[in-house]
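Observations on chain architecture
Spelled out from the first residue to the last, the chains are:
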Amino acid sequence: MNITDVRMHLHRRDSESRLKAYADITIDGEFVVHDIKVIQGDSGLFMAMPSRKMADDRFIDIAHPINSEARTKLQGIIMEAYEKAVAEDDGLEEAE
């Protein structure tokens, strides 16, 4: 699995929301997964895969890595893209 593109959409940074961003990834230049969330948890940032709410109020992932190695790799790529987007956004705010 090669992540060939990551597009980060920062959430309102002035908000107290735990949601920090959404990411869209392209896999092997052929398959896109939208709405991967970057969330501020109690012990740091983490990635949450796109999910759907079921009738019994549970959430299930619509798409997800099949093993822990793939999840770790994907989370590293997502977090790196998030940090880069935040740094770029900070640079834009300072220039204004």
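Here, residues in each chain are numbered from 1, in the same order as that chain's written sequence. Predicted model: local features are reported for residues with pLDDT of at least 70 only, side-chain atom pairs are reported and counted for 80 or more only, and whole-chain, interface and lining totals are derived from all residues. Values shown for side chains rest on all heavy atoms present in the structure; no hydrogens or waters enter the calculation.

1. Description of the pattern of salt bridges
Defined as follows: We define a salt bridge as a side-chain nitrogen of Lys or Arg found within 4 Å of a carboxyl oxygen belonging to Asp or Glu. A run of DSSP states H or I qualifies as a helix once it reaches four residues; a run of E qualifies as a strand once it reaches two. Both are numbered from the N-terminal end. A simple rule labels every residue: compare its accessible area, found with a 1.4 Å probe on the protein chains alone, to the largest value its type can have, and call it buried under 20%, exposed over 50%, or partly exposed in between.
Overall, the coordinates contain four salt bridges when judged by the stated rule. For D5, the salt bridge goes to R7, with nearest N and O atoms at 2.8 Å. As a salt-bridge pair, D42 and R18 come within 3.2 Å of each other at their nearest N and O atoms. Here D42 is found in the loop between β3 (31-41) and β4 (44-48), whereas its partner R18 is found in the loop between β1 (3-10) and β2 (19-27), with 24 residues between them in sequence. Residue D42 is classed as exposed on the basis of its relative accessible area of 77%.

2. So, the environment of V6
Our working definition: Here, residues are in contact when the closest pair of their heavy atoms is within 4.5 Å.
If you trace the backbone, V6 turns up in strand β1. Since its relative accessible area comes to 25%, V6 is described here as partly exposed. C-alpha of V6 to C-alpha of D89: the two residues are 83 residues apart in sequence and 16 Å apart in space. Once you skip the residues sitting within four places of it in the chain, V6 turns out to touch D24, I25, I77, I78 and A81.

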